[in-house]
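# Fold and contact review
What follows is each chain in one-letter form.
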Amino acid sequence: MRSTCWLFAAVVTGVLVTALTPPALAKCEPEKAGAAYPNLVGKKTKIAIDPSTPPYTIRDPNNFENIIGFDADLARAVFKCVGLQLEFATGAWSGLLPSVIAGQNDAMWSNLYYTAERAKQVDYVVYMQAGTGALVRKGNPKKLKSMDDTCGIRAAAGLGTVEEAAFRDQSKKCVASGKPEIPQVSYPDVAGGVRLVQNDRADVMLTDLALVDQLARDNPTAFERGFAMMTGFKVGVAIKKGREDLLKALAEGLKEMQGDGTQRELLKKYGLDPTLQITSETLRN
Amino acid sequence: MTRWIASLLLLLLAAGCGNPSGGSGVPGRSLEDLSAGKLVTGDQGGAAPSAGNAVLQGLREMVLYIGSPFLLRGTLLALQIASLAMVGGLALGLVLALMRLSSFRAFGGAAWFYIWFVRGTPQLLQLVFLYDALPLVGIKLDTFATAVVGFALNEAAFSAEIIRGGILSVNRTQAVAAMSLGMGPFLTLRRIILPQAMRAILPGLANDTIAMIKLTSLASVIFVNELTFRSQQIVSQNFKFFTVFAAAGAIYLMLTTVISAGQAALERHFNLELDRSRSRPSALARFLGVGRRAAALATPTPESRAPDHDSVDLRLVDAAHPLAAAAVIVPNAVPSPTNGDSHPAFVVCDDVRKAYGAREVLRGINMTVRRGEVVTIMGPSGSGKSTFLRLINHLDRLDQGEIVVDGKRVGYDKVGHSLRPARNLAKARADARIGMVFQHFNLFEHLTALQNVVEAPVRVYGEPRAAAVERGMRLLTSVGLAHHAHHLPHRLSGGQQQRVAIARALAIAPRLMLFDEPTSALDPELVGEVLAVIRRLADAGMTMIVVTHEVRFAREVADRVIFMDGGVIVEEGPPAEILGAPKQPRTQQFLRLVEREVGTF
């Protein structure tokens, strides 16, 4: 009887201690990679990026062989934290996601927005939200203050991006309400899109808000931000479906990088608003 | 040169095995001075430096970009992909071209389909498909391999048509001449057709090479970091598109300049009309296309050379060493005593029939030629004379009947009562040793007189080159052309060309010689020198069938004259009989016409 009582007390105490102790603070354990990710350790995980996506993945101006930017630095930090190695595969943006789906690369980490359509083919770990900005020439000659103003306006967006789709949808709305449709141009790289606006071949370019602000800040005589939209898009790293180990490693690593403030530091380093950070989560369809 | 190209390719391949996709982390030379950072806009405001300084600064930057290892690595990658893909594409393209030219419908159809499909679909999609769809069926090519394979497969379709065009541009008579010498189809292709087709092929291939080097930028979508993509990356980081793209353009221009120069050099190599012995225009002048006309003008036309110089040669040979010359010419001429009486017939034709479509060309030819006999065949054009000759050495197929030469059917197996073409026709022709001389000479245009003569002995009969050259020189001497041994055919007169052609036919040590109107394409004053050579062959005991309209020659040289018309033998007999007192009205009419024609000269 007494022993039963002792046992009961011990169990209750144990349960209480477990329940009340706050979860141990996140911490990187690269040395445990072998046990945690036996299939990934010792191999270079291939991360597909487009190194012409400022300020997320770009060439280092001091050494073109290096790749820097918010996404590139964050990826490196995450992989270092979980004790794995990565290798960047650099290609044109429209080829990145197909290469991950085909298994030619392991993940895409290049300012990729989460969409339900994409999530049918890849799993995501999201870590920030996107703002979308409209880059216009100085003085905003077409007086563009929202998407509703873009009917009949020459609009530019990246090939295969959600902004491209946004203009397509807006154009349908314009036609439905009896306004002219949007003459749309798609550019293969951001710099090409900037030239479209700069040379008056397009009136507005829709792209990442941080990039729009950076361009307007660096070239105050040429550009300004027409309008901004908090589109609520989540930005994440995409992995081919079925790669559970890699998904787990990325989720773990991102959690750590948010816990210790690394992600916030990197956002600031590249001129991005730290409040864009969202709690990382795994999203799968 | 082949070795050069091979080692260059090996080098490129070896370099390509590194890290072609240009990943991360490889430290390189710093270029901080290039990337001051801000976007260069048209409107710089008051802070802009003076225009002259800006231009100078821009030029300086451009030069620095041209020399930057980052862009040069992209250049090397583009070169590697383009050159390897070009080699693979050409090899496959040649196969496709031959398939399209093949008489097998399945081959031609398959090649046509491939070309139709590859030419008709965007190359970008082909690359993405190879890179991203093949892994689904378990074939995973890396970036570099995908680019090489993708561009090679694409190039194959385009070069197949260029090569096919080149092959078609070579006169078919060249292949016929090679066949008559016993050369097989692949030997003919390699030695005779392709070298002559190169002139037509080269400009198209140079176009394709240049286009491919530039088009490698398409492969950025499959992670190939070549020159254009790399310059785009720099621009998207510092927005200095003008200087960076100008630098990339300058690099491309340098590459394509090298290719253009290579094209000019190769075209010169394959240009038969260029006189190599004379002073040449400078490399730059050639590249710019100047000087070609000058060189062409400097080459003397065949008409401008004196023909009497050669006939002197011929007489000298005749007078000084008539017997020696005959021995050189007719190694197999001594009649064999065993065959002489027991097998008097050397060529036996039995009910030979041939039709082209519905048109019956030969309607039952029966004739026999004895060893050492000289038979001339006469008759109006369209009577089937030339077709008959071509059947004897199986340049064309019999429909019915049979032809036996020296106891063998050339290239047929007898199955039951019918004949079936043998599998190795070229070998059968070579073994038969039947020399043939054509109306239009059909010399190999890209080979000198001596090379024409030694080609078959060396390549078909495996004679050592030195021995073949020595014998070839003796043959050329015996037809009076020793001085012209190293001239290309187009520099010789018609009579000289025909004598080279006879020497070439004699070089295979023939047991039977076929002459298909050997003097019909010659100017009247050149006929004599060719007939003199044939006459000496007859004197030396060569068995010959000569299709000719030369009545006097037939009368003096032939043992027998055959008159053909409408695909049958109308009458035959000794020359005096047929030419002197023909019985058949058709023969009489033809001879009257021929003599009137001769009279007009």
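Check the entry above for the structure.
Residues numbered from 1 in each chain as written. Chains lettered and ligands numbered in written order. Predicted model: local features only at pLDDT ≥ 70, side-chain atom pairs only at ≥ 80, totals over all residues. Heavy atoms only, no water.

### So, the overall build of chain A
Put simply, the rule reads: Numbering of helices and strands runs from the N terminus; a helix is a DSSP stretch of H or I covering at least four residues, while a strand is a stretch of E covering at least two. Relative accessibility thresholds used throughout: buried, under 20% of the residue-type maximum; exposed, over 50%; partly exposed, between the two (1.4 Å probe, protein chains only). Contacts are assigned to residue pairs that have any heavy atoms within 4.5 Å of one another.
Within chain A, the regular secondary structure consists of ten helices and 14 strands. Based on the C-alpha atoms only, the size of chain A along its principal axes is roughly 85 × 45 × 35 Å. Relative to its 285 residues, chain A shows a buried fraction of 53%. Sequence-distant contacts, at least 24 apart, represent 74% of the contacts inside chain A between residues at least 6 apart.

### A closer look at the overall build of chain B
Note the following rule: Note on areas: these come from Shrake-Rupley sampling with a 1.4 Å probe, and a residue is covered only by the protein chains present in the view.
Secondary structure assignment for chain B yields 24 helices and eleven strands. The 601 residues of chain B split such that 49% are buried. Pairs at least 24 residues apart make up 72% of the contacts formed inside chain B by residues separated by at least 6 positions. Just so you have it, chain B exposes about 28,400 Å², and 61% of that area is on carbon and sulfur atoms.

### Observations concerning helix α8 (residues 209-218) of chain A
All names here are of chain A. The line we're drawing: Definition of a polar contact: a pair of N or O atoms within 3.5 Å, with one able to donate and the other able to accept a hydrogen when the atoms are protein atoms, and with sequence-neighbouring residues admitted only if both atoms are side-chain atoms.
Here α8 has its buried residues at Leu209, Ala210, Leu211, Val212, Leu215 and Ala216. Buried positions along α8 lie against β8 (132-137), α7 (190-198), β11 (204-208) and β12 (223-229). Of the residues flanking the start of α8, the one acting as N-cap is Asp208, its side-chain oxygen 3.1 Å from the backbone nitrogen of Ala210.

### So, the sheet that holds strand β14 (residues 277-283) of chain A
Residues and elements named next belong to chain A. To keep things clear, this is the line we draw: For two strands to be treated as a pair, DSSP must find no fewer than two bridges joining them. Axes here mean lines fitted to C-alpha atoms, for a helix over just the part in contact, with angles spanning 0 to 180 degrees between N-to-C directions.
The six strands are arranged β5-β1-β6-β13-β7-β14 in an open sheet whose pairing can be described as mixed. Two strands in the sheet have a free side with no partner beyond their single neighbour: β5 (85-90) and β14. Each adjacent strand pair in this sheet contributes to an overall mean axis angle of 25°, direction not counted. As paired strands, strand β1 (residues 44-49) and β5 are joined by six bridges and run parallel to one another.

### Describing the state of the cysteines
Residue and element names in this part refer to chain A. Worth spelling out the cut-off: Cysteine sulfur atoms are paired as a disulfide whenever they fall within 2.5 Å.
Here the structure, examined in full by the defined rule, presents two disulfides over all chains. Through a disulfide, Cys28 is tied to Cys81; the S-S separation comes to 2.2 Å. Classification of the bridge connecting Cys28 and Cys81 rests on its S-S torsion, roughly -105°, and on that basis the disulfide is left-handed. One end of the pair, Cys28, is in the loop between α1 (2-20) and α2 (33-36); the other, Cys81, is in helix α3 (residues 70-82), and 53 residues separate them in sequence.

### As for the side chain of Thr216 of chain B
Residue and element names in this part refer to chain B. Position of Thr216 among the secondary structure elements: in the loop between α8 (185-215) and α9 (227-238). For Thr216, a relative accessible area of 0% translates into the label buried. Apart from residues no more than four positions distant in its own chain, Thr216 is found in contact with Ala78, Ile81, Phe151 and Glu226.

### As for the pattern of salt bridges
Residues and elements named next belong to chain A. Where we set the bar: What makes a salt bridge here is a side-chain nitrogen of Lys or Arg within 4 Å of a carboxyl oxygen of Asp or Glu, nothing more.
Applying the stated criterion across every chain, the model contains 39 salt bridges over all chains. Here Lys269 ties to Asp73 by a salt bridge, and the two come within 3.0 Å at their closest N and O atoms. Remark: Asp73 occurs in helix α3 and Lys269 occurs in helix α10 (residues 262-269); sequence separation between them is 196 residues. Since its relative accessible area comes to 55%, Lys269 is described here as exposed. Taken together, the salt bridges that share partners define one network made up of Arg137, Arg154, Asp200 and Asp203.

### Thoughts on the packing of aromatic side chains
The criterion, for reference: Aromatic contacts are taken between Phe, Tyr and Trp rings whose centres are within 6.5 Å, Trp giving its six-membered ring; a plane angle under 30 degrees counts as stacked, one over 60 as edge-to-face, and the others as tilted.
The tally for this structure, following the rule as stated, stands at twelve aromatic pairs over all chains. Relative to Phe70 of chain A, the ring of Tyr56 of chain A has its centre 6.4 Å away and its plane inclined at 80°; by these criteria the two rings are edge-to-face. With Tyr56 of chain A in the loop between β2 (52-53) and β3 (57-60) and Phe70 of chain A in helix α3, this pair connects stretches of sequence that are 14 residues apart. With respect to class, Tyr56 of chain A is no different from Phe70 of chain A; both count as buried. Their ring planes at 75° and their centres at 6.4 Å tell us that Phe241 of chain B and Phe242 of chain B sit as a pair that is edge-to-face. You can call Phe242 of chain B exposed: its relative accessible area is 64%.

### Looking at the pairing of strand β9 (residues 544-547) of chain B
The two faces of a sheet get side chains in turn, since along a regular strand they alternate between them. Residue and element names in this part refer to chain B. Filter applied, for reference: Throughout, right-handed denotes a crossover for which the path from the first strand over the helix to the second runs clockwise when the strands point away from the viewer.
Judged by which residues are buried, β9 turns out to be covered on both faces: Met544 and Val546 on one side and Ile545 and Val547 on the other are all buried. Summarising the sheet, strand β3 (residues 374-378) and β9 pair through four bridges and their orientation is parallel. Pairing of Val374 across the sheet is with Met544, part of β9. Direction of pairing for strand β8 (residues 512-516) relative to β9: parallel, over a ladder of four bridges. Within the sheet, the bridge partner assigned to Phe515 lies in β9 and is Val546. Viewed along the sheet, the connection from β8 through helix α21 (residues 524-539) into β9 turns out right-handed.

### What to know about the environment of Tyr131 of chain B
One can find Tyr131 of chain B in helix α5 (residues 123-133). In this structure the C-alpha to C-alpha distance between Tyr131 of chain B and Val221 of chain B, which are 90 residues apart in sequence, comes to 9.5 Å. Ignoring any residue separated from it by four or fewer positions in sequence, one finds Tyr131 of chain B in contact with Ser99, Ala102, Gln104 and Asn105 of chain A together with Leu141, Asp142, Thr143, Thr146, Ile222 and Phe223 of chain B.

### Topic: unusual backbone geometry
With omega at -5°, the peptide bond leading from Pro54 of chain A into Pro55 of chain A counts as cis. Of note, Pro55 of chain A is situated in the loop between β2 and β3. A positive phi angle is found at Asp351 of chain B, which is not glycine, with a value near 50°. With respect to the helices, strands and loops of the structure, Asp351 of chain B is situated in strand β1 (residues 345-356).

### Structural notes on the packing of α9 of chain B against helix α10 (residues 241-269) of chain B
All names here are of chain B. Convention followed: These descriptions rest on fixed angle ranges, namely under 35 degrees for roughly parallel, over 145 for roughly antiparallel, 65 to 115 for roughly perpendicular, and the rest for oblique. Left-handed describes a crossing whose near helix is turned anticlockwise from the far helix by less than a right angle; the clockwise case is right-handed.
For the pair α9 and α10, the least separation of the axes is 9 Å and the interaxial angle reads 165°. Judged by the angle between their axes, α9 and α10 are roughly antiparallel. Regarding α9 and α10, the two cross each other, and that crossing is right-handed. Contacts between α9 and α10 involve Leu227, Thr228, Ser231, Gln232, Ile234, Val235 and Asn238 from the first element and Phe241, Val244, Phe245, Ala248, Ile251 and Tyr252 from the second.

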